Amino acid sequence: MMVELIYDSSAVKKPVLVSVALEEGVLMNIIEAEVGAREGRIVVEIDDELADRVVTKFESHGVRVRKLIGTIEKGEACLDCGACISVCPVNVFRKDESERVIAETEKCVRCRICIEVCPVNALSLQE
Amino acid sequence: MKSVDEINEKIRNGSVSVVTAIEMKEIVEELGPEKAAKEVDVVTTGTFGAMCSSGVFFNFGHSDPPIKMQRVWLNDVEAYTGVAAVDAYLGVTQLSETLGMEYGGGHVIEDLLRGKEVELRAIAYGTDCYPRKEIVTEISLDDVNQATMINPRNAYQRYRAATNSSERILRTYMGTLLPNFGNVTYAGVGELSPLNNDPEYRTIGIGTRIFLGGAVGYVIGEGTQHSPPFGTLMVRGNLKEMNAEYMRAATFPGYGTTMFVGIGIPIPILDAEMAKATGVRDEEIETVIIDFGVPRRDRPVLRNVTYAELRSGSVEINGEDVRVSPLSSYRMSGKIAAELKKMIESGKFFLSMPAERIPAKETFRSMKQRDIKVVKSVMTSPAITVSPGITIADASRLLIENGINHLPVVDSAGRLVGIVTSWDIARAVAMKRAETVGDIMTRKVITAFPDDPIEIAARKMDVNNISALPVVNSRGEVIGIVSSEDLSKLLAR
């Protein structure tokens, strides 16, 4: 599962991510990271079963947490060309027997590269 | 032996046997060409891909008072007007002057097909016969006299696949190419594509009736750059009869707009030879993978490849499996072949033999250029260089004494190891932390080769936001330096 961690100006100075990882002994894959003047945000991927426990832990460190349920979505405009297939870092897209492009959205790491590559704007990322 | 007249008679009396190119492969494999030719009368092919060399001739009708359009825009996309007063040609790759790459000629065409009105804006110099100097109005497809699609180059028989050896993402007409051979893209649909099923062009020629964008169209000749087996077709059709499902505007990021055009061509199975030709398989259709990392006309060929390998989704380059993206839609191509089959079976589409054949041999020549200016003819040589051990103070003195801003840093053998700019020196002085040039130099240097065309050096500076490139030879030795000022004198716009 993807979760977005929102750090305010006090939490941003502490090594919260690593603390939680060590305390809970959990692996986290960092998908996105942004540092702003007053706020920072990190999107991490956590094993589904551990998510609730880890989220509670982050909250106890003063980090706001938002679960990102949305992933990449393929709209009506899709021509089934396949331009997206080779640019996706985690192989979300493949063709089925009828030559339709199938999106295995659960693999999506929200990198957005497919969105800009699609020639007919058929892909979008749901928040 | 069968004639097209006989086949058309069968279409008329409902006894015609039509199969798609996909079905024909199996039939030829099972029965052999002789028997297949007896069983099958027509094979339908299809292709649906981005075809940049496409566009529409419009005749807008005359306004009152009349205008001889000197320039005309449809939804801010300019159409070519160097013909009669209210005729204009709108090409699919022309960009909107307000929206840029988001919207272009292809989008105007798709909007018109979807029944939308577009804004027509024209200006003129005014004449005695055409006094009006400007006009703004809204028009739909119903309002124009003619909307004749004339595409100078469509339906490429096969196309060179693309990859990228360079270290940055390239945005090309072959889609987005990831760095360090990160992916491969290819266009065309191999064994389903029209010209691959008639490689001698016996039945596809001038006057061949085809499916174009959902309507009946015609081949009007070989396409521009036709060079068998990379054959192409010039086609025409009536936009007013077309269907937006088979004509889709598209944008390739960083390249521009284009249009996916749907073309289907029926192949009459006149004899066993034609049956054999339509039995062609992707394994037999070869093309090459070229490296877009080299921004020259003659891009290096990395390897030969078949459409079967490309279609498998992964090809090997330098010992590594690289993922492949098609750029044409196999689903839509198959749908077009199936749709054309239905049209023929239901007696709505008759075949025609070419009035004249298109060349089966032709070569595609390069542009005749005055000369290609290369970096070594404009660079400053020798360049003033320094060794990593010299002090910041000495380096700053060199910059000032020579009135320059860049100092390539070289090792004892004269090979490039870094670069410092006057800005680097200024910053080092302000921070008071560094002693030598080696402490502050940029080690990953963007360079030029002496035989690079100057346009390529200019593009490198643009993309990397820098103002000079050390010029190195194949041994990495610095032989000169070229700056943006050197180039701007020659590349004046």
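All of these numbers come straight from a predicted model, not from anything done at the bench. Every chain is numbered independently, its residues counted from 1 as its sequence is written. The order in which chains are written sets their letters, starting at A; the order in which ligands are written sets their numbers, starting at 1. The model is predicted, so local features are restricted to residues of pLDDT at least 70 and side-chain atom pairs to those at 80 or more, both for listing and for counting; the totals for chains, interfaces and linings are taken over all residues. Excluded from the side-chain calculation are hydrogens and water; included are all heavy atoms of the structure.

## A word on the overall build of chain A
Counted only if it meets this: Each helix is a run of DSSP H or I of at least 4 residues and each strand a run of E of at least 2, with the numbering of both proceeding from the N terminus. A 1.4 Å probe rolled over the protein chains alone gives each residue an accessible area, and that area as a share of the maximum for its type sets the label: buried under 20%, exposed over 50%, partly exposed in between. Two residues qualify as a contact provided that any one of their heavy atoms is within 4.5 Å of a heavy atom in the partner residue. Accessibility throughout is a Shrake-Rupley quantity obtained with a 1.4 Å probe, and a residue counts as covered only by protein chains that appear here. In this tally, Lys and Arg are treated as positive and Asp and Glu as negative; His is ignored, and so are the chain termini. Where a charge lies is defined by one atom per residue type, namely NZ (Lys), CZ (Arg), CG (Asp) and CD (Glu).
Helices and strands together make up the secondary structure of chain A, namely three helices and eight strands. Along chain A, helices (α) and strands (β) appear in the sequence β-α-β-β-α-β-β-β-β-α-β when read from the amino end. Each principal axis of the C-alpha atoms in chain A carries an extent, and together these give about 50 × 30 × 20 Å. Scored against the burial criterion, the 127 residues of chain A give a buried share of 46%. Across chain A, the fraction of contacts at a sequence separation of at least 24, relative to all contacts at a separation of at least 6, is 59%. For chain A, the exposed area adds up to about 6800 Å²; of that, 51% sits on carbon and sulfur atoms. The averaged location of the 23 negative side-chain charges in chain A is 5 Å from the averaged location of its 16 positive side-chain charges.

## Here's the deal with the overall build of chain B
Regarding its fold elements, chain B presents 11 helices and 30 strands. When its C-alpha atoms are laid out on the principal axes, chain B stretches across 95 × 65 × 40 Å. Residue burial in chain B is summarised as follows: out of 493 residues, 52% are buried. Restricting the contact set of chain B to residue pairs at least 6 apart, pairs at least 24 apart contribute 67%. Approximately 22900 Å² of chain B is accessible, and the part contributed by carbon and sulfur atoms is 49%. Measuring between centres, the 55 positive side-chain charges of chain B sit 3 Å from its 62 negative side-chain charges.

## Looking at the environment of Glu39 of chain B
Locating Glu39 of chain B in the fold gives a position in helix H2 (residues 21-39). Looking at Glu39 of chain B, the relative accessible area reads 51%, which means it is exposed.

## Some details on the pairing of strand E7 (residues 87-91) of chain B
Residues and elements named next belong to chain B. Short version of the rule: Whether two strands pair depends on DSSP finding at least two bridges between them.
With four of five residues buried, E7 lies mostly within the body of the structure. As judged from the five bridges shared by strand E4 (residues 55-59) and E7, these two strands associate in the antiparallel manner. Paired with Phe57 across the bridge in E7 is Tyr89.

## Things to note about the environment of Val77 of chain B
All names here are of chain B. With respect to the helices, strands and loops of the structure, Val77 is situated in strand E6 (residues 77-79). Spatially, the C-alpha atom of Val77 lies 6.1 Å from that of Gly104, the residues being 27 residues apart in sequence. Look past the residues within four positions of Val77 in its chain and what remains in contact with it is Val72, Leu90, Gln94, Leu95, Ser96, Tyr103, Gly104, Gly105 and Val108.

## A closer look at the packing of aromatic side chains
All names here are of chain B. To keep things clear, this is the line we draw: Whether two aromatic rings pair depends on their centres lying within 6.5 Å, for rings of Phe, Tyr and Trp, where Trp uses its six-membered ring; planes under 30 degrees apart make the pair stacked, over 60 edge-to-face, and the rest tilted. In this scheme, Lys NZ or Arg CZ marks a charge over a ring once it lies within 6 Å of the ring centre and within 35 degrees of the ring normal.
The full count for this structure, using the stated rule, is nine aromatic pairs over all chains. Taking the centre distance of 6.5 Å and the plane angle of 90 degrees together, the rings of Tyr159 and Tyr173 count as edge-to-face. With Tyr159 in the loop between strand E12 (146-154) and strand E13 (161-163) and Tyr173 in the loop between strand E14 (170-172) and strand E15 (175-177), this pair connects stretches of sequence that are 14 residues apart. With relative accessibility at 27%, the residue Tyr173 sits in the partly exposed group. Each residue in the set Tyr156, Tyr159, Tyr173, Tyr255 and Phe292 is aromatic and connected to the rest through ring pairs, giving one cluster. It is Arg121 that lies over the ring of Trp73; its NZ or CZ is 4.4 Å from the centre.

## What to know about the interface of chain B and chain A
Convention followed: Values labelled buried area give the accessible surface lost by two parts on being combined, using a 1.4 Å probe and summing over both. Within this document, salt bridges are pairs made up of a side-chain nitrogen of Lys or Arg and a carboxyl oxygen of Asp or Glu, the two lying within 4 Å of each other.
Across the boundary between the two partners, chain B contributes 26 residues, which contact 24 residues of chain A. Interface of chain B and chain A: buried area, both sides summed, is about 1800 Å²; carbon and sulfur atoms make up 51% of it. Contact with chain A buries area across many residues of chain B, yet Arg248, Arg323 and Arg331 of chain B alone supply 35% of it, more than any other trio. The tally of links from chain B across to chain A stands at three salt bridges. In this structure, the salt-bridge partner of Arg171 of chain B is Glu116 of chain A, at a minimum N-O distance of 2.8 Å.

## Quick word on the packing of helix H7 (residues 392-402) of chain B against helix H8 (residues 422-431) of chain B
Residue and element names in this part refer to chain B. Rule in force here: Each axis is a line fitted through C-alpha atoms, taken for helices only over the stretch in contact, and angles between the N-to-C directions span 0 to 180 degrees. Should an angle lie under 35 degrees it is considered roughly parallel, over 145 roughly antiparallel, and from 65 to 115 roughly perpendicular; all remaining angles are considered oblique. The sense of a crossing depends on the near helix, which, turned anticlockwise from the far helix by less than a right angle, makes the crossing left-handed and, turned clockwise, makes it right-handed. Each residue is assigned to one of three groups, with Ala, Val, Leu, Ile, Met, Phe, Trp, Tyr, Cys and Pro labelled nonpolar, Asp, Glu, Lys and Arg labelled charged, and all others, Gly among them, labelled polar.
Their axes nearest at 10 Å, the elements H7 and H8 cross at an angle of 140 degrees. As summarised for this structure, H7 and H8 are arranged oblique, according to the angle between their axes. Along this stretch, H7 crosses H8, giving a crossing that reads as left-handed. Contacts from Ile392, Ala395, Ser396 and Leu399 of H7 reach H8 at Ser422, Ile425, Ala428 and Val429. In the contact of H7 with H8, the residues fall into six nonpolar, two polar and no charged.

## Side note on the domain arrangement of chain A
Residues and elements named next belong to chain A. Note the threshold: How far each domain reaches was decided by an automatic or database domain assignment.
In terms of domains, chain A is made up of domain 1 (2-68) and domain 2 (72-125). Computed over C-alpha atoms only, the centres of domain 1 and domain 2 are separated by 28 Å. In this complex, domain 1 contributes five residues to the contact, which on the side of domain 2 involves four residues. Carbon and sulfur atoms make up 53% of the surface buried where domain 1 meets domain 2, a total of about 400 Å² over both sides.

## A few points about the sheet that holds strand E3 (residues 40-45) of chain A
Residues and elements named next belong to chain A. Read across the sheet, four strands follow the order E2-E3-E1-E4 without closing on themselves; strand pairing throughout is antiparallel. Of all the strands in the sheet, just strand E2 (29-35) and strand E4 (64-68) have a single pairing partner and so form its edges. Taking the axes of each pair of neighbouring strands and ignoring which way they run, one obtains an average angle of 20 degrees across the sheet. Here strand E1 (residues 2-7) pairs with E3 via six bridges, running antiparallel. Its bridge partner lying in E3, Leu5 is registered against Ile42. Of the strands in this sheet, E1 and E4 touch helix H2 (residues 51-60), which is tilted by about 150 degrees from E4.

## A few points about a nonpolar patch on the surface
Note the following rule: In this analysis, a patch consists of residues with relative accessible area above 30% that form no salt bridge, clustered at 9 Å for like charges and at 5 Å for the nonpolar side chains Val, Leu, Ile, Met, Phe, Trp and Tyr.
The grouping of Phe57, Tyr80 and Val83 of chain B at the surface amounts to a nonpolar patch, some 290 Å² of accessible area in total. If you trace the backbone, Phe57 of chain B turns up in strand E4.

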